[in-house]
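# Per-entry structural report
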Amino acid sequence: MTKHALPIGDDVLAALVNGTSSLRDKALILILAESGLRSSEVVELNRTSITQENHESADGTVHTLGCGQAITSKTMGAVRDFFIGPIAMAALDAYLTTVRCDDTQAPMFCATDGKRMNSTAVQRVVQRSIMRLDMAPFPTHALRVGLAWRFSSAGMSPSSLRKLLGYSDRELYKMLVWPTRDILIREYLCAIATFPWYRQG
């Protein structure tokens, strides 16, 4: 996490999501906020990169979430698991079935010319939304930092946080026992429940 990128407040985050009318831009912002993906990682996603899964918690509640793998190194073929909640999944579905219903392009997010968006274009989308809503400026990276803060506040273990967000620390890496995928999902669900759009119900 960088020094200048601080977590943004719930009111600002909710206003950003609710004030974004473009289906593509809303899906993009929600995925950035809920997955912790970097701009360079989200642009590598394809339409089939996220699949829907149902997971039952200890009390019998069934949670629906989107699951995918982010490419963290093209040269080494390294990937890491990431997840998004049902609201981000619904926004993505609305974008793909409404805006992208007539094309078969592989990229999940396309620019107006039909080509895959690049990371600069992703950051431009977020910054344009911030400016249009007359908000105090903050870097796109603050969405990722904010998710890390939610994970930490929800009691997520440092090993789970680092694995979900892809933070690197060679010394810590050698000492940590990495969590299973089920533990990642359980801790992820606890953390995203703090988003304002999930607390409304």
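As shown above, the structure is provided for reference.
Keep in mind that what you see is a predicted model, and the values were worked out from it rather than measured.

So, on to the overall build of the protein. Assigned secondary structure in the protein consists of ten helices and three strands. Ordered by position from N to C terminus, the α and β elements of the protein give α-α-α-β-β-β-α-α-α-α-α-α-α. When each of the 201 residues of the protein is scored for burial, the buried share is 43%. Looking at the protein alone, contacts between residues at least 24 apart form 63% of all its contacts between residues at least 6 apart. About 10700 Å² of surface is accessible on the protein, with carbon and sulfur atoms providing 54% of the total.

As a further point, take the sheet that holds strand β1 (residues 51-56). Sheet strands pair by backbone hydrogen bonding; their relative direction is either parallel or antiparallel. Taken in spatial order, the three strands of this open sheet run β1-β2-β3, and their pairing is antiparallel. Each edge of the open sheet is held by one strand with a lone partner, namely β1 and β3 (78-84). If you compare each strand with its neighbour and ignore which way they point, the axes differ by 40° on average. Pairing of strand β2 (residues 62-73) with β3 involves seven bridges; the strand directions are antiparallel. The partner of G68 across the bridge, within β3, is F82.

For the rest of this paragraph, the subject is the nonpolar core. Counting 56 residues, the largest nonpolar core has I31, V42, I50, F109 and F151 as the members making the most contacts within it. Residue contributions to this core peak at seven residues, all from helix α2 (residues 23-35). For F109, the residues in contact, after removing those within four places along its chain, are R24, A27, L28, I31, V42, L92, Y95, R100, K115, R116 and M117.

By the definition in use, this model includes ten salt bridges. Between D25 and R128 there is a salt bridge whose closest N-O contact spans 3.4 Å. You can see D25 sitting in helix α2 and its partner R128 sitting in helix α5 (residues 119-132), a full 103 residues away along the chain. Note on R128: relative accessible area 39%, which makes it partly exposed. In this structure, E41 and R80 form a salt bridge, with 2.7 Å as the shortest nitrogen-oxygen distance. Pair noted here: E41 is in helix α3 (residues 39-42) and R80 is in strand β3, with a separation of 39 residues, a long-range link. Comparing E41 with R80, the two get one shared label, buried. One connected set of salt bridges, linked through shared partners, spans D10, R150 and R199.

All right, on to helix α9 (residues 181-192) then. Every α-helix carries 3.6 residues per turn, so stepping three or four residues along brings you back to the same face. Under the 1.5 Å per step criterion, the end-to-end length of α9 is 16 Å for twelve residues, consistent within 8% with the ideal 16 Å. For α9, the set of buried residues is L184, I185, E187, Y188, L189, A191 and I192.

This part covers unusual backbone geometry. Glycine aside, residues mostly have negative phi angles, and peptide bonds mostly take the trans form. Unusually for a residue other than glycine, D134 sits at a positive phi of about 60°. Within the element layout of this structure, D134 appears in the loop between α5 and α6 (141-153). Assessed through its relative accessible area of 72%, D134 is described here as exposed.

Let us look at the pairing of β1. Examined bridge by bridge, β1 and β2 share six bridges and lie antiparallel to one another. For E53, the partnering residue across the bridge sits in β2 and is L65. Linking two consecutive strands that pair antiparallel, namely β1 and β2, is a turn of five residues; a positive phi of about 90° is found at G60 within it.

Attention shifts here to the packing of helix α1 (residues 10-18) against α2. Helix-helix packing is characterised by the crossing angle of the two axes and by the distance between the axes. Orientation of α1 relative to α2, taken along the N-to-C sense of each, is 150°, at an axis distance of 9 Å. Put simply, α1 runs roughly antiparallel to α2. Side by side, α1 and α2 meet where L16, V17 and N18 of the first sit next to K26, I29 and L30 of the second. In terms of residue class, the contact of α1 with α2 is built from four nonpolar, one polar and one charged.

Basis of the calculations
- Residues numbered from 1 in each chain as written.
- Predicted model: local features only at pLDDT ≥ 70, side-chain atom pairs only at ≥ 80, totals over all residues.
- Heavy atoms only, no water.
- Helix = DSSP H or I, 4+ residues; strand = E, 2+ residues; numbered from the N terminus.
- Buried < 20%, exposed > 50% of the residue type's maximum accessible area, 1.4 Å probe, protein only.
- Contact = heavy atoms within 4.5 Å.
- Areas by Shrake-Rupley, 256 points an atom, 1.4 Å probe, with all protein chains shown as cover.
- Pairing = 2+ DSSP bridges.
- Axes fitted to C-alpha atoms, helices over the stretch in contact; angles between N-to-C directions.
- Core = buried A, V, L, I, M, F, W, Y, C linked by side-chain atoms within 4.5 Å.
- Salt bridge = Lys/Arg side-chain N within 4 Å of Asp/Glu carboxyl O.
- Expected span 1.5 Å × (residues − 1).
- Parallel < 35°, antiparallel > 145°, perpendicular 65-115°, else oblique.
- Nonpolar A, V, L, I, M, F, W, Y, C, P; charged D, E, K, R; others polar.

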